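Reading the structure
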Amino acid sequence: MKSSYFLLFAGAALCSAPIAASAQTAAPVVKVANGALSGAVEDGIASWKGVPFAAPPVGPLRWRAPQPAANWKGVRAATQYSSDCMQKPFGGDAAPLGTTPAEDCLYANVWKPATSTAKLPVVVWIYGGGFVNGGASPPTYSGANMAKQGVMFVSFNYRVGRFGTFAFPQLTKQDPDHGLLGNYGFLDQIAALKWVQRNISAFGGDPSNVTIIGESAGGMSVHTLVTTPLARGLFQKAFVMSGGNAETAGNPTLADVERIYSDFAKANGISPDDPDALDKLRALSAEQVTDGLSMMQMFQPKPGPKTYSGPFLDGKIVVDQAKAYESGNFARVPMIIGATSADMGGKSGFMIAGARSASARIAAQGVPVWDYRFSYVADSVGQPGAQHATDIPFFFDNAAIKYGAQTTPKDVAMGKTISAYIVNFAKTGNPNGTGLPAWPKYDPASDSLMDFSAAGKAEPGKDPWGAEIDQDVRRLAAAKASGHYNSLTTPIGILLDNPAAKAVLERHIPDVVHSDKINMARGVTLEALKSYMPQMLTAKTLQEIDGELAALPKAP
């Protein structure tokens, strides 16, 4: 994944059978391993929200693997979302949070048809947000409309930012969780899936039929869960939305992350050599630990040493995904993989080309894979190209929640079609079903995918961008090998910091260079920015820029 992560255990068995978990109009009550829960019924859907799946990760449990949730007496009300995990909300988020974030956040939510008596397939949602933002509470993440189609829908929170990834020499030496260090957000995800295994049958769900689905950082998380031995057997199907190319080879190591957080300690006046350094770090307020970190700060980092790291390759929680997939050492479950048509990085980028290469890599192992591209744009958006994360409301049949009064019948129909494929996949391990266009399995030889097209239809066929993506991949390899600054591999910030390179950009794209938002794009390439500025960053313009950049001295 190179820089992709940046974009970007309570073990008790069920105490008893469900208490009137079906056929209710009154508040539904279930008994799970830790106690009884009272939910709510609305429009034929029963739900339970804010259900603890682990102990609050606060105080001495900050930067610890998730610990067992405490038991409670009586009936616990489960009708409201818990706090999303601690973060600074991102103003431009496609799915704004519905709660005030807090460090006490490890809670799950469940939706099901209120009158169902069958054992339901379970769909588990993992949100995105670049591993620094996101939560389960956004309205467009509601599972009610999916539940109406005969599945159980589960969402949960996992730690993000400096709470979700953290390493420190003293913590490594203490090793309180026997090697489960650093990647705490992923450990939260695994703990939530273990909670599903122990408890979901109390709600009427089938623990032997679980589908995990995630978008962006959530899609990367799905690849992590499919490849880590720690999640083996916790799910039977996997769905990756804009989750990249299924590689972790370029990620930092534990030693790298320890150095980063040693600098974070110094920035807070704490010497890493202080015997009480870890205690002092845990004594910082949640706001001090967050320190303004959000997706926005990722594009506009503070001056000075780096003080945040995303997930890292540790070999136990996060393994080398490319090696795992190529060796066959992964959870060999049916998968759906895809991206949006104007996803981050453009056609040859990490999301679009990445989804295609991931599909090919996994399909080569004999695992059934269905590849897709989401090209549909809601009628009210008024501009071409399906941007990153715009597919989520449609996949969950929540277009009307996202677009409100501007929702059109075509928007609704697109959501009905897409969500039906997900429901089929969750039920049978195959997205195909009666009344839907046939979605072929992915085979690199035929290069077929399902395009959820701009016309609002599901259109299977050969990838029309396949040859262009292959050509761009070759161009990318050549650009890397050249050693020159270029539009494909050199971050915009590096070009702007070099006077000669900046002069080239000012000659060709002065409006881009002098935009008041350019600092937000310092970490991406001109090629990646092309999908957001197609009129300014044309193929011809980038070719001319690359020609002049090639005449400059090679990059250091």
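How each quantity is defined
Sequence order sets the numbering: in each chain, residues are counted from 1 along the sequence as written. Totals for whole chains, interfaces and linings use all residues, but because this is a predicted model, local features are given only for residues with pLDDT of at least 70 and pairs of side-chain atoms are given and counted only at 80 or more. Calculation of side-chain values draws on the structure's entire complement of heavy atoms; hydrogens and water are dropped beforehand. Each residue gets one of three labels from its accessible area relative to the maximum for its type: buried under 20%, exposed over 50%, partly exposed in between, using a 1.4 Å probe on protein chains only. To qualify as a helix, a DSSP run of H or I must reach at least 4 residues; to qualify as a strand, a run of E must reach at least 2; elements of each kind are numbered from the N terminus. The arc in question is the one traced by the directions running from the helix axis out to the C-beta atoms. Note on contacts: a residue pair qualifies if any of its non-hydrogen atoms lie within 4.5 Å across the two residues. Pairs of strands are assigned from DSSP output, requiring at least two bridges between the strands. If you view a crossover with the strands going away from you and the path from the first strand over the helix to the second runs clockwise, you call it right-handed. To get an axis, a line is fitted to the C-alpha atoms, and for a helix only the part in contact is used. The angle between two axes follows their N-to-C directions and goes from 0 to 180 degrees. Comment on the angle field: the value is read as roughly parallel under 35 degrees, roughly antiparallel over 145, roughly perpendicular from 65 to 115, and oblique elsewhere. Each crossing gets its handedness from the near helix: less than a right angle anticlockwise from the far helix is left-handed, clockwise is right-handed. Only Asp, Glu, Lys and Arg are considered charged, only Ala, Val, Leu, Ile, Met, Phe, Trp, Tyr, Cys and Pro nonpolar, and every remaining residue, Gly among them, polar. Across the chain, each position has a pLDDT score giving the predictor's confidence in that residue, from 0 to 100.

Moving on, we come to helix 20 (residues 539-549). For helix 20, the set of buried residues is T541, L542, I545, D546 and L549. All buried residues of helix 20 fall inside an arc of 135° around its axis, so they share one side. Exposed and oriented more than 90 degrees from the buried face of helix 20 are A539, K540 and Q543. Tucked inside the fold, the buried residues of helix 20 contact helix 16 (492-497), helix 17 (499-508) and helix 19 (526-529).

Right, let's get into the pairing of strand 12 (residues 369-374). When you tally the buried positions in strand 12, you get 6 out of 6 residues, the bulk of the element. Judged by which residues are buried, strand 12 turns out to be covered on both faces: V369, D371 and R373 on one side and W370, Y372 and F374 on the other are all buried. Pairing geometry for strand 11 (residues 335-340) and strand 12, over 6 bridges, is parallel. Of the residues in strand 12, the one forming a bridge with I337 is D371. As for the winding sense of the linkage, the β-α-β connection from strand 11 through helix 11 (residues 352-363) to strand 12 is right-handed. Where strand 12 meets strand 13 (residues 448-452), 3 bridges bridge the pair, whose relative direction is parallel. Across the sheet, the residue bridging to R373 is D451, located in strand 13.

Now for the packing of helix 17 against helix 20. The geometry of helix 17 relative to helix 20 is characterised by a closest axis approach of 10 Å and an angle of 150° between their N-to-C directions. Considering their axes alone, helix 17 and helix 20 lie roughly antiparallel with respect to each other. Two packed elements cross with a definite hand, and for helix 17 against helix 20 that hand is right-handed. For the pair formed by helix 17 and helix 20, the contact residues are A501, V504, L505, R507 and H508 on the first element and T541, E544, I545, E548 and L549 on the second. Here the contact of helix 17 with helix 20 is built from residues that sort into 5 nonpolar, 2 polar and 3 charged.

What the 3 strands build is an open sheet, ordered 1-2-5; its pairing is mixed. Of all the strands in the sheet, the pair left with one neighbour each is strand 1 (29-32) and strand 5 (75-77). Neighbour-to-neighbour, the strand axes of the sheet open up by a mean angle of 35°, direction not taken into account. In the packing of helix 4 (residues 184-203) onto the sheet, the strands contacted are strand 1 and strand 2 (35-38), and the crossing angle to strand 1 comes to about 155°.

Low-pLDDT portions of the prediction should not be read for the details of their coordinates. When pLDDT is averaged across the protein chain, the result is 92; 95% of the residues are at 70 or more. Under a pLDDT of 50 for its full length, residues 1-24 has, in the predicted model, 84 contacts with residues more than four places off or in other chains.

Before going further, it helps to examine the sheet that holds strand 7 (residues 120-126). The strands making up a sheet associate through backbone hydrogen bonding, with each pair oriented either parallel or antiparallel. The 11 strands are arranged 3-4-6-8-7-9-10-11-12-13-14 in an open sheet whose pairing can be described as mixed. In this open sheet, the two strands that pair with only one neighbour each are strand 3 (40-42) and strand 14 (458-462). Strand after strand, the sheet turns through a mean of 20° between neighbouring axes, direction not considered. As paired strands, strand 9 (residues 205-215) and strand 10 (residues 237-241) are joined by 5 bridges and run parallel to one another.

A word on the packing of helix 11 against helix 15 (residues 466-482). Where helix 11 meets helix 15, the closest approach of the two axes is 11 Å, and the angle between their N-to-C directions is 100°. In this view, helix 11 runs roughly perpendicular relative to helix 15, as classed from their interaxial angle. For the pair formed by helix 11 and helix 15, the contact residues are I352, A353 and R356 on the first element and G466, I469 and D470 on the second. Taken together, the residues of the contact of helix 11 with helix 15 break down into 3 nonpolar, 1 polar and 2 charged.

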